[in-house]
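Chain and residue survey
The residues making up each chain are set out below.
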Amino acid sequence: MALEDLRATVTRCSRCSYCKWIPFAHVKSWRFAKGCPSIEYNKFQSYSASGRLCASLSLLEERSSYFDEGLVDIVFKCMLDGCCDVACKINRYDFEPVEVMRQMRFKMIDNGCYPPQDMPLIDHLKKEDNMMMAAKADRANWAEGLGVKDLTEEKAEVVFHVGCRFSFDEELWRVPRTVVDLLNKAGVDFGILGKDENCCGGRVCDMGYRGEFIKYAENNIDAWKNAGVKTVVTGCSDCYHAFKRLYPEEMEFNFEVVHITEYIERLINEGKLKFTKEVPMTITYHDPCHLGRRGEAHVPWKGEQKKVRGHVLVWEPRRPRYNGAQGVYETPRNVLKSIPGVKLVEMERNREYAWCCGAGAGVRERYPDFSEWTAGERIEEAKASGAEAIVSACPHCERNFMDAVAEKNESLKVFDILDLVREAI
Ligand code: SF4
Ligand code: SF4
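The structure presented is a predicted model; accordingly, all values stated were derived computationally and were not measured.

Cut-offs and rules
- Residues numbered from 1 in each chain as written.
- Chains lettered and ligands numbered in written order.
- Predicted model: local features only at pLDDT ≥ 70, side-chain atom pairs only at ≥ 80, totals over all residues.
- Heavy atoms only, no water.
- Helix = DSSP H or I, 4+ residues; strand = E, 2+ residues; numbered from the N terminus.
- Buried < 20%, exposed > 50% of the residue type's maximum accessible area, 1.4 Å probe, protein only.
- Near = heavy atom within 4 Å.
- Nonpolar A, V, L, I, M, F, W, Y, C, P; charged D, E, K, R; others polar.
- Phe/Tyr/Trp six-rings, centres within 6.5 Å; stacked < 30°, edge-to-face > 60°.
- Pairing = 2+ DSSP bridges.
- Core = buried A, V, L, I, M, F, W, Y, C linked by side-chain atoms within 4.5 Å.
- Contact = heavy atoms within 4.5 Å.
- Disulfide = S-S within 2.5 Å.
- Expected span 1.5 Å × (residues − 1).
- Domains from an automatic or database assignment.
- Buried area = accessible area lost by both parts, 1.4 Å probe.
- Polar contact = N/O pair within 3.5 Å; in protein donor to acceptor, adjacent residues only side chain to side chain.
- Axes fitted to C-alpha atoms, helices over the stretch in contact; angles between N-to-C directions.

1. Section: unusual backbone geometry
The step from Glu 316 to Pro 317 runs through a cis peptide bond, and the omega angle for that step is -10°. Tracing the sequence through the fold places Pro 317 in the loop between strand 8 (312–316) and helix 14 (330–337). Unlike most non-glycine residues, Met 133 shows phi in positive territory, near 60°. Looking at the element boundaries, Met 133 is found in the loop between helix 7 (118–128) and strand 1 (149–150). Residue Met 133 is classed as partly exposed on the basis of its relative accessible area, which comes to 47%. The phi angle at Arg 309 is positive, at roughly 50°, despite the residue not being glycine. Mapped onto the fold, Arg 309 is located in the loop between strand 7 (304–308) and strand 8.

Have a look at this one:
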């Protein structure tokens, strides 16, 4: 797929603006009715999905220059969280705004145009295999003293892919350490790749650097094959999206991919994990975009685009439809609801219409003010739900919320689901 192949999508946008809102049937209040952080923050049409479709047509028709500073800002100041995409599909069966925005980034970067703030990140990634500005040699420090099997030396069918944020963000180390404890308690034979674990490449792909993504995807697949891995478990939603959707889209991929919340639910159902303690707390669950609406599994498709009666566009056979409905929404909620004492309340925007945490697609690093504002909006929504804590299933969301709460001096607590699970065992 290339931007040129999406010309039909680009030209069929009706400027209806549905992509800026959550669908009207789901709106509960004016305050939390918006769906697109980018248009809401920048307050200019070009910063909506529809505006970016216009910009991409302008690029395709060579009416805009790749080197226009304004265009770079428009293209990259967006989390690719996909709320626009699922809202658009309420009325447009086969529209792909996020795919257009992704391809536009690939094209811009192929042409040497990127936000200048990317340079240190990408340089560091090339040197140390992470964008956390940390040394690769420190990647397994989180696991010190745990005695986890090292899959560069031994074999196991299950690999726990920790991911960059959990590996290097010391304040979050308690989460992967809990995963190790739980998998051990449940008698699972698993291992980690330790300091040789690679970045999943998902985030750098969303940022527009497809070449880097392919390199990491190939490295990870080789490492798993060498270790005899069949199942990949991760607690990070970015990694989950990369393995579930992006890898099989680009290459042969024969691994089962499981988010840690799915694994925990499985262990609970098999009677291998039991909650014995009360955790009395009213919480709200934040759906990570890459586990929810963008976490739908890749569906292989081969076919062609045709025009019926000279103008009606169809795909034969019918293309798979990614409208967010098949994301992972109920599993994390089931795990939370099975913890004694936990009261789960919903925010107004939830599941495929959840407001983004603000960290995605490099926005946290490229545009920190926009990222923090987006997280702050979600914190306001969590407070309005009556919850005393916001709980998520992704370290990137948690880090962004933790920083926003600290900046705003809020009393709202921020947890990973694993924090509550650990308390309940
Ligand atoms: S992208 Fe979709 S929802 Fe947005 S204006 Fe175009 S057709 Fe409407
Ligand atoms: S991906 Fe998110 S920020 Fe970007 S246009 Fe869509 S809703 Fe707005």
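Back to the text.
2. Focus on the site of ligand 2
Around ligand 2, the neighbouring residues are Cys 36, Pro 37, Ser 38, Ala 49, Arg 52, Cys 78, Met 79, Leu 80, Asp 81, Gly 82, Cys 84 and Met 101. Of all the secondary-structure elements, those providing two or more residues to the shell around ligand 2 are helix 2 (37–42) and helix 3 (49–60). For the shell around ligand 2, the class distribution of residues is eight nonpolar, two polar and two charged.

3. Observations concerning the packing of aromatic side chains
All chains considered together, the criterion is met by 15 aromatic pairs. Arranged with centres 5.0 Å apart and planes meeting at 85°, the rings of Trp 224 and Phe 243 form a pair that is edge-to-face. Placement of the pair is Trp 224 in helix 11 (residues 210–226) and Phe 243 in helix 12 (residues 237–250), with a sequence separation of 19 residues. Overall, the relative accessible area of 0% leaves Phe 243 in the buried class.

4. Let's talk about the sheet that holds strand 4 (residues 231–234)
If you walk across this open sheet you meet the five strands as 1-3-2-4-5, and the pairing is parallel. Looking along the sheet, the strands with just one partner apiece sit at the ends: strand 1 and strand 5 (256–259). Bridge count for strand 2 (residues 158–161) against strand 4 is four bridges, and the pairing is parallel. Considered in strand 4, the bridge of Phe 160 is made with Val 233.

5. Considering the nonpolar core
Counting 123 residues, the largest nonpolar core has Met 108, Trp 224, Phe 243, Tyr 247, Tyr 263 and Leu 420 as its most contacted members. Beyond its immediate chain neighbours, meaning those up to four positions away, Met 108 contacts Leu 59, Tyr 66, Leu 71, Val 72, Val 75, Phe 76 and Cys 113. If you look at the next biggest cluster of nonpolar residues, it comprises eight residues, including Cys 19, Ala 49, Cys 78 and Leu 80.

6. Quick word on the state of the cysteines
Joining two cysteines, a disulfide is a covalent bond between their sulfur atoms. Tallied over the entire structure, the rule returns zero disulfides. The thiol of Cys 200 is unpaired, and the distance to the nearest cysteine sulfur, on Cys 239, comes to 3.9 Å. Note on Cys 397: no disulfide assigned, nearest cysteine sulfur contributed by Cys 357 at a separation of 3.8 Å. The class for Cys 397 is buried, based on a relative accessible area of 4%.

7. Quick notes on helix 11
Each turn of an α-helix holds 3.6 residues, which means side chains three or four residues apart point in the same direction. The end-to-end C-alpha distance of helix 11, which contains 17 residues, comes to 25 Å, matching closely the 24 Å that a straight helix rising 1.5 Å per residue would cover. Close packing links the buried residues of helix 11 with helix 7, strand 2, helix 10 (202–207), strand 4 and helix 12. Just downstream of helix 11, Gly 228 is the residue with a positive phi angle, here 75°.

8. Quick look at the domain arrangement of the chain
Per the domain assignment, the segments of the chain are domain 1 (1–114), domain 2 (118–269) and domain 3 (275–292 + 327–425). Placing a centre on the C-alpha atoms of domain 2 and another on those of domain 3 gives a separation of 21 Å. Across the contact, 29 residues belong to domain 2 and 32 residues belong to domain 3. At the boundary of domain 2 with domain 3, total buried surface from both sides reaches about 2,800 Å², with 62% on carbon and sulfur atoms. For the domain 2 face of the interface with domain 3, the top three residues by lost area are Arg 165, Arg 203 and Thr 261, together amounting to 22%. Inspection of the domain 2/domain 3 interface yields 14 residue pairs in polar contact (both at pLDDT 80 or more). Sorting the residues of the side of domain 2 that touches domain 3 by element identifies helix 7, helix 8 (164–168), helix 9 (174–185), helix 10, helix 12 and helix 13 (260–269) as the ones contributing at least two each. A total of six residues in the side of domain 2 that touches domain 3 trace back to one element, the largest contributor, which is helix 13. For the side of domain 2 that touches domain 3, the per-class residue count stands at 13 nonpolar, six polar and 10 charged.

9. Observations regarding the sheet that holds strand 11 (residues 413–416)
Spatially, four strands are ordered 9-6-10-11 in an open sheet, and the strand pairing comes out parallel. At either end of the open sheet lies a strand with only one pairing partner, and these are strand 9 (342–345) and strand 11. The sheet shows a mean angle of 35° between the axes of neighbouring strands, taken without regard to direction. Direction of pairing for strand 6 (residues 281–285) relative to strand 10 (residues 389–392): parallel, over a ladder of three bridges. Of the residues in strand 10, the one forming a bridge with Ile 283 is Ala 389.

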